[in-house]
Structures are given as C-alpha cells and as structure tokens.
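So you can see what is in the structure, the chains are spelled out below.
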Amino acid sequence: MKTSTKTTYAGRLRRRVGILWGVLALMLVYMVVVGETGGDSRIMSRLAQIVSRVIFFGGLVWVAAAIVRTNKLLKSRAAMRESQLRELDERNRYLHDKSGGAVMDVMLLALLFTTLTASLYNMPAFYTAFALLAAAVLLKGGAYLHYSRVSKE
C-alpha cells in the first residue's frame, strides 16, 4: 500500500509517534490482563521465563526508544531529511522487500505476541511458537544477508 503523497514526512513521523504511543499503551494493558488472568510462573521453564522477559521488556524499551528517536527527528530538519533519504533509499527498500517486507514484519510481531502469551500459559505451545519464531527470524535474517551480498555485485 502506498502512503498518501499529500502527507509530509513530518506528518508521517507524527503519525508514527502516535501509533507507537498506542502500542505502548496496549503493551501495558496486556501486562495488566495477563496479571489478572493468572499467567502462572510456576509452570514456566527457565527458557520461557527468559524469553518472555526479553520479548516484553525488550519490546517496551524498543518502543520507548523509537518514540524518543522519532521525536528528536521532528525537532531537527537536517536529521529529518537524512532519515527520509535513508527510508527512501532503493537498496534498503529492495533488501526489506526481498527479506519478506511488511508481511514478514507483521508475521514476526504476531509470532512474538504468540510466543509471549504461550510462555505464560502452556509450555508445549510455547516451544512450538518459539521454534516458529526462531525459524522466521533465521529466514528473514538469511534472506536479508543473501540479498545484501547479491545487491552489492
């Protein structure tokens, strides 16, 4: 889907910040819901505990850092212009598209959510979701590395 040509880059960045704030709020609501519905840490394996913490708290830190980074871009025209050029760079877009594009990004987010939720409630489901997440990350990373080498030639 192509973004509207009428929207300025600054407008897209503001929209991105709004979406990130929404994601942050949803993550906090998720944490409360899981706490209330009783995700049982007694049944969690050590791997499940580590993975769930890395996914959730790593995600919180990543979202907060993205908000701060994007707000800094909005304050500096030069940094905003440089960021826009980086986003529009044909090679970066090519690599993103060839390594799965937006569809793979959404799939990775779904697998992160599924793995996190499964780690709190059901160990066999967690191991299945974790294996799928690991395979998806390896496939995306492998494709990205492969096409980054091919595109240099």
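Before going further, it helps to examine the pattern of salt bridges. Using the criterion set out here, one finds three salt bridges in the structure. Of the charged contacts, one joins glutamate 82 and arginine 86 as a salt bridge, the two residues approaching to 3.3 Å between their closest N and O atoms. Residue glutamate 82 and its partner arginine 86 are located together in helix α3 (residues 77-88), separated by four residues, close to a single helical turn. For arginine 86, a relative accessible area of 47% puts it in the partly exposed group.

Quick look at the side chain of glutamine 49 now. By secondary structure assignment, the location of glutamine 49 is in helix α2 (residues 46-75). A relative accessible area of 18% means that glutamine 49 is categorised as buried. Of note is the side chain of glutamine 49, whose polar atom sits 3.2 Å from the side chain of arginine 46.

This part takes up the nonpolar core. Tyr30, Phe56, Val63, Ile67 and Phe126 are the most contacted members of the largest nonpolar core, which has 25 residues in total. For this core, the secondary-structure elements that each account for two or more residues are α1 (9-37), α2, α5 (101-121) and α6 (123-152). Here this core takes eight residues from α2, the largest share from any one element. Excluding anything up to four places from it in sequence, isoleucine 67 contacts Val17, Leu20, Trp21 and Leu24. Counting five residues, the second largest nonpolar core, distinct from the first, contains Tyr9, Leu13, Leu73 and Met80.

So, how was this worked out
- Residues numbered from 1 in each chain as written.
- Predicted model: local features only at pLDDT ≥ 70, side-chain atom pairs only at ≥ 80, totals over all residues.
- Heavy atoms only, no water.
- Salt bridge = Lys/Arg side-chain N within 4 Å of Asp/Glu carboxyl O.
- Helix = DSSP H or I, 4+ residues; strand = E, 2+ residues; numbered from the N terminus.
- Buried < 20%, exposed > 50% of the residue type's maximum accessible area, 1.4 Å probe, protein only.
- Polar contact = N/O pair within 3.5 Å; in protein donor to acceptor, adjacent residues only side chain to side chain.
- Core = buried A, V, L, I, M, F, W, Y, C linked by side-chain atoms within 4.5 Å.
- Contact = heavy atoms within 4.5 Å.

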